[in-house]
Amino acid sequence: MSLASHLDELQRKHGDIEREITDAMNHPSVDDLEIVNLKRRKLAIKDEIEKLKGSPTTH
């Protein structure tokens, strides 16, 4: 998998989790712990995206 396609996939996952968080926050029956876990996953993906963007390309 190329770096660009890997970044695209991570950005897609980041957006998907953002939508999950928004949906969860709009439903009062969702456990706060679930929202916290989603936010942690989102942050981990963001960190990985930033790390990959900062790494030198190997082409």
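Provided above is the structure to which this section pertains.
Cut-offs used in this document
Residues numbered from 1 in each chain as written. Predicted model: local features only at pLDDT ≥ 70, side-chain atom pairs only at ≥ 80, totals over all residues. Heavy atoms only, no water. Core = buried A, V, L, I, M, F, W, Y, C linked by side-chain atoms within 4.5 Å. Buried < 20%, exposed > 50% of the residue type's maximum accessible area, 1.4 Å probe, protein only. Helix = DSSP H or I, 4+ residues; strand = E, 2+ residues; numbered from the N terminus. Contact = heavy atoms within 4.5 Å. Expected span 1.5 Å × (residues − 1).

S.K.: I tried to follow the nonpolar core on my own but got confused; where do I start?
M.R.: Within soluble globular proteins, side chains that are nonpolar generally end up buried alongside one another. Counting eleven residues, the largest nonpolar core consists of Leu 7, Leu 10, Ile 17, Ile 21, Ala 24, Val 30, Ile 35, Leu 38, Ile 45, Ile 49 and Leu 52. Looking at this core, the elements that each hand over two or more residues are α1 (3-25) and α2 (32-54). Filtering out sequence-adjacent residues up to four positions away, Ile 49 remains in contact with Leu 7, Leu 10, Gln 11 and His 14.

S.K.: What is the right way to read α2 from this model?
M.R.: Two residues of an α-helix separated by three or four positions point the same way, owing to the 3.6 residues in each turn. Its 23 residues place the ends of α2 33 Å apart at the C-alpha level, agreeing with the 33 Å of an ideal helix rising 1.5 Å per residue. Ile 35, Leu 38, Ile 45, Ile 49 and Leu 52 are the residues of α2 that are buried. At its buried positions, α2 is contacted by α1.

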